[in-house]
Amino acid sequence: MARVLINLPRTARRGEVVEIRTLIQHVMETGYRPGADGVVAPRDIITGFTCVYNNEEVFAAELAPAIAANPFLSFSLVAAESGILAFTWTGDNGFEQTETRSLTVT
Amino acid sequence: MSLPSCLRSGIERRALGAGLLAVALLRPARAERPGLREAVLGFTGGAEPAEGGVTLDIPPLVENGNTVPVTIAVESPMTEEAHVRRIALFNERNPQPHVVTARLGPRAGRARLSTRMRLATSQRLVAVAEMSDGSFRSANADVIVTLAACVES
Amino acid sequence: MRRLLPLLLLLGAVAEARESGFALMSPETQAMQRDDDANPAMLWVEEGRALWESAGCSGCHGDVAGMRGVAARYPAFDAAGGGPVDLAGRIAQCQEARQHRMPFARESGEALALAALVGLQSRGMPISPPEDPRLAPALARGEALYRERRGQLDLSCGQCHDENAGRRLAGSPIPEAHPTGYPLYRLEWQGMGSLQRRLRNCMTGVRSEPYAYGAPEYVAIELFLMRRAAGMALETPAVRP
């Protein structure tokens, strides 16, 4: 399992726009870089990210090799109702990881 | 004798210093590379994006091209009626023009995205937003990348 | 070659008070270090927290908060080895001598993660090298290594970091080489690395043969650098370009 950091408030007022920041540990090997032996290392990147809020997608991203190692993504969402946020990263070589956080809306 | 990395990058940097001047002088007339333009038009389905309404925030001078913070913000009320559907970022001189494409909607509340990218060398970036009325807007930025001294060899 | 360097050193302000490499970084890189939610090094700290439990450290040491102040006083004298041991070496000793297992290799993700976690407990504290007379020979050796000219460029550490600190080596500002932030996330590495990895980079930079990880020469230089930076605040886990 890759280490993940997700920053979001635990509680928010209804209608408030909250900022979410995520970091995930990943080499993001571009597929263009020759290794020490001169052979190009095969591509191994995270290609997709989604943030699902109570089963509805609120933000998604497609990532290319130009995204830096240990990808950082920051975006926002409207606190509509209390519930669960699911963050999923998918990538090469079957990479898939989901983390969930709860958000209480007052 | 091949030059040590510290010194080699020094020479390249001095060339870059001259490049900085050249870019500054030539900027208004500068033509984008075909790969970049094609990528932008691929995203818009051939439509020419209108400039304005998009902010592309990236340091103009980058101390290491491996991890460059970039933020794209689009002016939009982000309501059901009027919002941003997608935001994409393209570059000119990396091996591939595509950097990131985000999909969003009114539930995002704000049309704003931050990430960190790689820049192989000094180049132009273009951010394009697809609005809910089907129109496209864009912004661009030119970035100078200096090279790290004493890298691992 | 010796003449080449001054050509590459463009005149800049020469720092008077001691200054961390942090001060020379761009505002964007500084922001990355300042904000734990944006600092990629915190991914390694997270891993360290998991290892603190799974590798059995908590069994003897309890809460990692008890490690407060520890990183600020390493390298320390190690009676068993009769010389200085750095923090990474001390952690490896716990694994080897007390847990009877193969320690995590130097520069492995696990070793860096544990060192980052232990280091974080001392963040903001002044570097406080132990006043241990038994460290004197290693300290003297560290200083000698720091002053020794090396490599095809025939440069000593001090020629860059004392005589030319604050100036630019081509595009990069030359820091004063204070070991305040290690292990840290270097953008150039796209990952985490120890002070020894940083020293390796400077050695290959002047085209000299680096030592093997864990070599007593590195520990002696670490000891000297920590002494030289005594009183400066620890920043672990820092970010550097």
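Residues numbered from 1 in each chain as written. Chains lettered and ligands numbered in written order. Predicted model: local features only at pLDDT ≥ 70, side-chain atom pairs only at ≥ 80, totals over all residues. Heavy atoms only, no water.

This is how it is decided: UniProt positions are given in the numbering used here, feature names are shortened, and annotations may be inferred rather than shown by experiment.
The name that an unreviewed UniProt entry assigns to chain C is L-cysteine S-thiosulfotransferase subunit SoxA, with the source organism given as uncultured Craurococcus sp. In UniProt, chain C has this text filed under Sequence similarities (unreviewed entry): "Belongs to the SoxA family."

**Observations concerning the overall build of chain B**
Selection criterion: Helix numbers and strand numbers start at the N terminus; a helix is a DSSP run of H or I with at least 4 residues, a strand a run of E with at least 2. Two residues qualify as a contact provided that any one of their heavy atoms is within 4.5 Å of a heavy atom in the partner residue. Note on areas: Shrake-Rupley with a 1.4 Å probe; residue coverage comes only from the protein chains shown.
Secondary structure summary: chain B contains two helices and nine strands in total. Starting at the N terminus, the α and β elements of chain B follow one another as α-α-β-β-β-β-β-β-β-β-β. For chain B, the proportion of contacts with a sequence separation of at least 24, taken over those separated by at least 6, is 65%. Just so you have it, chain B exposes about 6,800 Å², and 56% of that area is on carbon and sulfur atoms.

**A closer look at helix H7 (residues 136-147) of chain C**
Since the α-helix advances by 3.6 residues per turn, residues separated by three or four positions end up pointing in the same direction. Residue and element names in this part refer to chain C. Inclusion rule: Working rule for helices: expected span equals 1.5 Å times residues minus one. The rule is simple: take the accessible area with a 1.4 Å probe, protein chains only, and divide by the maximum for that residue type; under 20% is buried, over 50% is exposed, in between is partly exposed. As used here, the arc belongs to the directions running from the helix axis to the C-beta atoms.
The first and last C-alpha atoms of H7 sit 17 Å apart over twelve residues, in line with the 16 Å expected at 1.5 Å per residue. Of the residues making up H7, those classed as buried are Ala138, Leu139, Gly142, Leu145 and Tyr146. Seen along its axis, H7 keeps its buried residues to an arc of 125 degrees; they face one direction. Buried residues in H7 make contact with strand S3 (83-85), helix H8 (157-161) and helix H10 (216-228).

**Quick notes on the UniProt feature "binding site: heme c 1" (unreviewed entry) in chain C**
All names here are of chain C. Summarizing the sequence annotation, UniProt attributes the feature "binding site: heme c 1" (unreviewed entry) to Cys57, Cys60, His61 and Cys94 in the numbering used throughout. In three dimensions, the annotated residues from a span of 38 residues occupy one location, with a maximal C-alpha spread of 10.8 Å. On the accessibility criterion, Cys60 (71% relative accessible area) is exposed. Mapped onto the elements, His61 comes out in helix H4 (residues 57-61). The class for His61 is partly exposed, based on a relative accessible area of 39%. The contact partners of His61, leaving out residues within four places of it in the chain, are Trp52, Met67 and Cys94.

**Topic: the interface of chain A and chain B**
Put simply, the test is: Summed over both partners, buried area is the accessible surface (1.4 Å probe) that two parts give up on being assembled. Criterion for a salt bridge: a side-chain nitrogen of Lys or Arg within 4 Å of a carboxyl oxygen of Asp or Glu. For this analysis, a polar contact is any N or O atom pair within 3.5 Å, provided that within protein one partner can donate a hydrogen and the other can accept it, and provided that sequence-adjacent residues contribute only side-chain to side-chain pairs.
On the side of chain B, 26 residues touch chain A, which itself brings 31 residues to the contact. Between chain A and chain B the total buried area reaches about 2,400 Å² when both faces are included, carbon and sulfur atoms providing 48% of it. Per-residue buried area on chain A facing chain B is highest for Glu62, Ala66 and Phe72 of chain A; these three make up 22% of the total on that side. The tally of links between chain A and chain B comes to three salt bridges. Among the salt bridges present, the one from Glu56 of chain A reaches Arg107 of chain B, with a minimum N-O distance of 2.7 Å. At the junction of chain A and chain B, the tally comes to 18 residue pairs in polar contact (both at pLDDT 80 or more).

**Considering the sheet that holds strand S8 (residues 239-240) of chain C**
All names here are of chain C. Put simply, the rule reads: When DSSP finds two or more bridges between two strands, those strands count as paired.
As summarised here, the arrangement of the three strands in space is S7-S6-S8, forming an open sheet in which the pairing is mixed. For this open sheet the edge positions go to strand S7 (191-193) and S8, each flanked by a neighbour on one side alone. Two strands pair when backbone bridges link them, and strand S6 (residues 184-186) and S8 are joined in this way by two bridges, in the parallel orientation. Bridge pairing in S8 places Tyr185 opposite Val239.

**Observations regarding the confidence of the model for chain C**
In low-pLDDT segments, the atomic positions of the prediction should not be examined closely. Residue and element names in this part refer to chain C. Spelled out, the test is: pLDDT is defined as a per-residue confidence score from the predictor, taking values between 0 and 100.
Averaged over every residue, the pLDDT of chain C is 93; residues scoring 70 or more account for 93%. Within the model, the stretch residues 1-15 combines pLDDT values under 50 with 30 contacts to residues more than four positions away or in other chains. For this predicted complex, the interface score ipTM comes out at 0.95, while the overall pTM is 0.90.

**Observations regarding the packing of aromatic side chains**
Note the threshold: Note on aromatic contacts: the rings of Phe and Tyr and the six-membered ring of Trp form a pair at centre separations within 6.5 Å, being stacked when their planes are under 30 degrees apart, edge-to-face when over 60 apart, and tilted otherwise. Geometrically, a lysine NZ or arginine CZ counts as sitting over a ring once it is within 6 Å of the ring centre and also within 35 degrees of the ring normal.
Under the counting rule described, the total for this entry stands at ten aromatic pairs over all chains. Each residue in the set Phe49, Phe59, Phe75, Phe87 and Trp89 of chain A is aromatic and connected to the rest through ring pairs, giving one cluster. One Lys or Arg, Arg116 of chain B, reaches over the ring of Phe72 of chain A and ends 4.2 Å from the middle of that ring. In this structure, Arg101 of chain C is placed above the aromatic ring of Phe104 of chain C, and the distance from its NZ or CZ to the ring centre is 4.6 Å.

**Topic: the UniProt feature "binding site: substrate" (unreviewed entry) in chain C**
Residues and elements named next belong to chain C. In the numbering used here, UniProt assigns the feature "binding site: substrate" (unreviewed entry) to Arg198. Of note, Arg198 is situated in helix H9 (residues 195-205). A relative accessible area of 17% means that Arg198 is categorised as buried.

**Quick notes on the pairing of strand S6 (residues 72-78) of chain A**
Along S6 of chain A, six of the seven residues are buried, which leaves the element largely enclosed by surrounding structure. With seven bridges joining them, strand S3 (residues 17-24) of chain A and S6 of chain A adopt antiparallel strand pairing. Bridge pairing in S6 of chain A places Leu23 of chain A opposite Phe72 of chain A. By the bridge criterion, two bridges tie S6 of chain A to strand S7 (residues 112-117) of chain B in an arrangement that is antiparallel. Its bridge partner being in S7 of chain B, Leu73 of chain A is matched across the sheet by Thr115 of chain B.

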